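Structural characterization, general
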Amino acid sequence: MYAVFKQLLDKYMAALCPGASGPSVSDGASVVYTQNFTLSDDAACGECPGNHGCDKIVMAVETNHPVGVFHVADYIAALPAKTQNGLKNCDFIMCDASNTYGSRKVALCDLSCSEARYLNPGHSKKYPQGKRAYVVEQMISTADFIARDIMVGQYIRTATSKRFVFGLRVKDMNVRNKAMNSMKAFSKTPSSQAATVSSMQTIAGIDFEYVEVRHPAPLRW
């Protein structure tokens, strides 16, 4: 559950700050959503010259029970500079906030609003390996970092579902045109696949499913 995972994560972070009562993490670093919600990439939206009129939604999440969302950057920023060195953090960690439904899911999530060509290698000086590979590197780095703590690692390891989620909005996708509206409607039908498991990643002995979700299709939690 969210409260348990938050307590374990906070304790681990505090242990990495010797001589202090714990890292100075804002109250807004984590939140519980009780119904469908959306996630945005504030950094990317702030750099985008063509975001006027854009709803800035990178990924919508559909859920029928509470989900806890942790803003990873806020946690990492509160750590000593030496601890942060070499660490690539993803955007969010998500987990079930209730055990009423008999499952316990954990997901590391990174978002990107990018032109399709930049997803693959060789098209960007900033991301020569391609944005997709860079996003996976960030989730791997974060998973490896938090799993170093025995209790946090055990919590993730025993979860019923463990995922890396890449939430992608392709910049040249106009959700206002008829074709995209039709795609959005189709993505909500029970027979469609809002997310496709592409591969598996094993980090610190934990097997994660890699899932890519393309806006406007939602992630069904």
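What you see is a predicted model; the values in this text were computed from it and never measured. (Residues numbered from 1 in each chain as written. Predicted model: local features only at pLDDT ≥ 70, side-chain atom pairs only at ≥ 80, totals over all residues. Heavy atoms only, no water.)

**What to know about the overall build of the chain**
Across its full length, the chain carries 7 helices and 10 strands. The buried share of the chain, taken over its 221 residues, is 43%. Of the roughly 11,300 Å² of accessible surface on the chain, 52% is carried by carbon and sulfur atoms. (Helix = DSSP H or I, 4+ residues; strand = E, 2+ residues; numbered from the N terminus. Buried < 20%, exposed > 50% of the residue type's maximum accessible area, 1.4 Å probe, protein only. Areas by Shrake-Rupley, 256 points an atom, 1.4 Å probe, with all protein chains shown as cover.)

**What to know about the environment of H215**
Turning to its location among the elements, H215 is positioned in the loop between β9 (206–214) and β10 (219–220). You can call H215 buried: its relative accessible area is 7%. As for H215 and M59, which are separated by 156 residues in sequence, their C-alpha atoms are 5.9 Å apart.

**Some thoughts on the pattern of salt bridges**
Overall, the coordinates contain 9 salt bridges when judged by the stated rule. In this structure, D55 engages R169 in a salt bridge whose closest nitrogen and oxygen atoms are separated by 2.6 Å. Of this pair, D55 sits in the loop between α2 (42–47) and β3 (59–62) while R169 is found in strand β7 (residues 161–170), placing the two residues 114 residues apart along the sequence. Classification of D55 as partly exposed rests on a relative accessible area of 42%. A salt bridge links E137 to K88; its shortest N-O distance comes to 3.0 Å. Of this pair, E137 sits in helix α5 (residues 131–147) while K88 sits in the loop between α4 (81–84) and β5 (92–96); the two residues are 49 residues apart in sequence, bridging distant segments of the chain. (Salt bridge = Lys/Arg side-chain N within 4 Å of Asp/Glu carboxyl O.)

**Section: helix α1 (residues 2–15)**
With 14 residues, α1 extends 20 Å from end C-alpha to end C-alpha; this agrees with the ideal 20 Å at 1.5 Å per step. When we look at burial in α1, the residues that qualify are Y2, F5, L8, L9, Y12 and M13. Down the axis, α1 shows its buried residues gathered within 135° of arc, on one side only. The exposed residues of α1 that point more than 90 degrees off its buried face are A3, Q7, K11 and A15. (Expected span 1.5 Å × (residues − 1). Arc of directions from axis to C-beta.)

**Some thoughts on the pairing of β3**
Along any regular strand, the residues point their side chains to alternate faces of the sheet. What you see with β3 is a clean split: M59 and V61 sit on the buried side and A60 and E62 on the side with no burial. Sheet analysis places strand β2 (residues 37–39) next to β3, joined by 3 bridges and oriented antiparallel. Each bridged residue has a counterpart across the sheet, and for T38 the counterpart in β3 is A60. Note that β3 and β10 share 2 bridges and pair parallel. Residue E62 lies in a different strand from β10, and its bridge partner there is R220. (Pairing = 2+ DSSP bridges.)

**Brief notes about the packing of aromatic side chains**
To describe a pair of aromatic rings, you give the distance between the ring centres and the angle between the ring planes. One pass over the full model with this rule turns up 7 aromatic pairs. Ring geometry for Y33 versus F37: centroids 4.1 Å apart, planes at 10°, classification stacked. The class of F37 is buried, set by a relative accessible area of 4%. Three or more aromatic residues joined by ring pairs make a cluster, and in this case those are Y2, F5, F70, Y75 and Y155. Taking the ring centre of Y155 as reference, the NZ or CZ of R104 above it sits at 4.3 Å. (Phe/Tyr/Trp six-rings, centres within 6.5 Å; stacked < 30°, edge-to-face > 60°. Lys NZ or Arg CZ within 6 Å of the ring centre and 35° of its normal.)

**Overview of the environment of T38**
For T38, the location among the structural elements is in strand β2. It is 8.7 Å that separates the C-alpha atoms of T38 and E62, two residues lying 24 residues apart in sequence. Setting aside chain neighbours within four positions, we find T38 in contact with I57, M59 and A60. (Contact = heavy atoms within 4.5 Å.)

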